[in-house]
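One letter stands for each residue in the lines below.
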Amino acid sequence: LYSDGYVHVKFGHAGAEKRRGKAGEAVTVPCKADTANDLETYIYSAGSISRLGDLSGLMADRIELNSAVKLRNLPLGSQTPGYENRDLEQLSFGTINNLESIDLTALTNLKGTLDLSAFDGLREIYGAGSGISGVIFAPNAPVETAILPKVGALILRGQRKLDHLSMDPTGLFNLRLEDCPNIDSLSLVRNATALQRGRITAVLWEDADTDLLLRLA
């Protein structure tokens, strides 16, 4: 919890549970239903929660987090081998300034561009196997790890701490890469065979061949 108070959770038709906790301590709210799959779940005290446990087992089809303004992590997907959630199609963030970690792994039907431009504290995102088609990071966000699916658009500006970027760049058609010194921009662009638009600064491509330069011309 971010502050002292109650965590009040309603598990659909199975009823509600309430637990009291102190700031900085974990609170466990037992699920009243036999199974959490496709169960409407409401967290009424979301504004006082700083971290969530693993939510991948809920198999939710819609998640709204507009009131979870103190949240630091968002564990919706799972990196467990064999995991897949085909149900989640709608995800609403609102503005969560404290968000540091997002896991959207294997959320195959979560599509569209993931706009993270308001999350200037983000440190890591895991999205392999998800359906997202683009990612926009906040300028100068201290991102260290970005595990992404095959996206068409990627905007990175001032991610000076980013030293682990993993993705399939072959579908990339729009790239903005500014002030990201740890990213091998030459390798990224060379493998982005569908690239149509791009802005890349601080380029030192001593090994760039003529064919690459002509393709970008």
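Scroll up to find the structure.
No experiment lies behind these values; they were computed from the predicted model shown. (Residues numbered from 1 in each chain as written. Predicted model: local features only at pLDDT ≥ 70, side-chain atom pairs only at ≥ 80, totals over all residues. Heavy atoms only, no water.)

Remarks on the sheet that holds strand E2 (residues 16-21)
Here is step 1 of the chain: Taken in spatial order, the three strands of this open sheet run E2-E1-E3, and their pairing is antiparallel. Edge positions in the sheet fall to E2 and strand E3 (41-43), since each of these pairs with one other strand and no more. Averaged over all neighbouring strand pairs, the angle between strand axes comes to 15°, with direction disregarded.
Here is step 2 of the chain: Here three bridges tie strand E1 (residues 5-11) to E3, and the two strands are oriented antiparallel to one another. Pairing of Phe11 across the sheet is with Thr41, part of E3. (Pairing = 2+ DSSP bridges. Helix = DSSP H or I, 4+ residues; strand = E, 2+ residues; numbered from the N terminus. Axes fitted to C-alpha atoms, helices over the stretch in contact; angles between N-to-C directions.)

Observations regarding the nonpolar core
Within soluble globular proteins, side chains that are nonpolar tend to cluster in buried spots.
Here is step 1 of the chain: Counting 51 residues, the largest nonpolar core has Ile102, Leu116, Phe137 and Leu154 as the members making the most contacts within it.
Here is step 2 of the chain: Going through the elements one at a time, E1, strand E8 (111-116), strand E10 (131-137), strand E12 (153-157), strand E14 (174-178) and helix H1 (185-191) are the ones with two or more residues in this core.
Here is step 3 of the chain: With sequence-adjacent residues up to four places away left out, Phe137 is seen in contact with Leu116, Ser117, Leu122, Ile125, Val143, Ala146, Leu154, Ile155, Leu156, Arg157 and Gln159. (Core = buried A, V, L, I, M, F, W, Y, C linked by side-chain atoms within 4.5 Å. Buried < 20%, exposed > 50% of the residue type's maximum accessible area, 1.4 Å probe, protein only. Contact = heavy atoms within 4.5 Å.)

Re the pattern of salt bridges
Any two side chains of opposite charge can pair, so long as their charged atoms come close to each other.
Here is step 1 of the chain: Counted by the stated rule, this structure contains seven salt bridges.
Here is step 2 of the chain: Measuring nitrogen to oxygen at the nearest pair gives 3.5 Å for the salt bridge that ties Arg51 to Glu100. Linking Arg51 in the loop between E3 and strand E4 (62-64) with Glu100 in the loop between strand E6 (90-92) and strand E7 (101-103), this pair joins segments that are 49 residues apart in sequence.
Here is step 3 of the chain: Glu178 serves as the salt-bridge partner of Arg199, at 2.7 Å between the closest nitrogen and oxygen. (Salt bridge = Lys/Arg side-chain N within 4 Å of Asp/Glu carboxyl O.)

Describing the layout of surface pockets
Here is step 1 of the chain: Here the second largest pocket defines a volume of roughly 250 Å³.
Here is step 2 of the chain: Residue lining of the second largest pocket: 16 residues in total, with Cys180, Ile183, Ser185, Thr201 and Ala202 positioned closest to the centre.
Here is step 3 of the chain: Among the secondary structure elements, those contributing two or more residues to the lining of the second largest pocket are E14 and H1.
Here is step 4 of the chain: Class assignment of the residues belonging to the lining of the second largest pocket gives a composition of 10 nonpolar, two polar and four charged. (1 Å grid on protein atoms, 1.4 Å probe; cavity = no way out; pocket = protein on both sides within 12 Å on 5 of 7 lines; lining within 4 Å. Points joined across faces, edges and corners; volume = space filled by probe spheres on them. Nonpolar A, V, L, I, M, F, W, Y, C, P; charged D, E, K, R; others polar.)

Brief notes about empty space enclosed by the protein
Here is step 1 of the chain: Enumeration according to the criterion identifies one cavity of 30 Å³ or more in this entry.
Here is step 2 of the chain: Of the pockets and cavities examined, the largest cavity occupies roughly 50 Å³.
Here is step 3 of the chain: As for the largest cavity, its lining consists of Leu55, Ser56, Leu58, Met59, Ala60, Ile63, Leu76, Asn85 and Leu88.
Here is step 4 of the chain: For the lining of the largest cavity, the per-class residue count stands at seven nonpolar, two polar and no charged.

Let's talk about the sheet that holds E8
Here is step 1 of the chain: Spatial ordering of the open sheet is given by E8-E10-E12-E14-E15, a layout of five strands whose pairing is parallel. The sheet terminates laterally at E8 and strand E15 (197-200), the two strands that pair on one side only. For this sheet the average axis-to-axis angle between neighbouring strands, irrespective of direction, equals 15°.
Here is step 2 of the chain: Taken together, the four bridges between E14 and E15 define a ladder with parallel strand orientation. Among the inter-strand pairings, Leu175 is bridged to a residue of E15, identified as Gly198.

Quick notes on the environment of Gln90
Here is step 1 of the chain: Turning to its location among the elements, Gln90 is positioned in strand E6.
Here is step 2 of the chain: The class for Gln90 is partly exposed, based on a relative accessible area of 47%.
Here is step 3 of the chain: For the pair Gln90 and Asn109, spaced 19 residues apart in sequence, the C-alpha to C-alpha distance is 9.0 Å.
Here is step 4 of the chain: In this structure Gln90 touches Asp61, Arg62, Ile63 and Leu110, once residues within four positions along its chain are discounted.

As for a negative patch on the surface
Here is step 1 of the chain: A surface patch of like charges, here negative, comprises Glu40, Asp61, Asp87 and Glu89.
Here is step 2 of the chain: Checked against the element boundaries, Glu40 lands in the loop between E2 and E3. (Patch = residues over 30% accessible without salt bridge, like charges linked within 9 Å, V, L, I, M, F, W, Y side chains within 5 Å. Areas by Shrake-Rupley, 256 points an atom, 1.4 Å probe, with all protein chains shown as cover. Lys, Arg positive; Asp, Glu negative; His and termini not counted. Charge placed at Lys NZ, Arg CZ, Asp CG, Glu CD.)

What about the side chain of Asp103?
Here is step 1 of the chain: Here Asp103 lies in strand E7.
Here is step 2 of the chain: Salt bridges are absent for the buried Asp103, whose nearest opposite-charge side chain, Arg51, sits at 12 Å.
Here is step 3 of the chain: Polar side-chain contacts of Asp103 include one of 3.2 Å to the side chain of Gln79.
Here is step 4 of the chain: Within polar-contact distance, the side chain of Asp103 engages the side chain of Thr105 at 2.6 Å. (Polar contact = N/O pair within 3.5 Å; in protein donor to acceptor, adjacent residues only side chain to side chain.)

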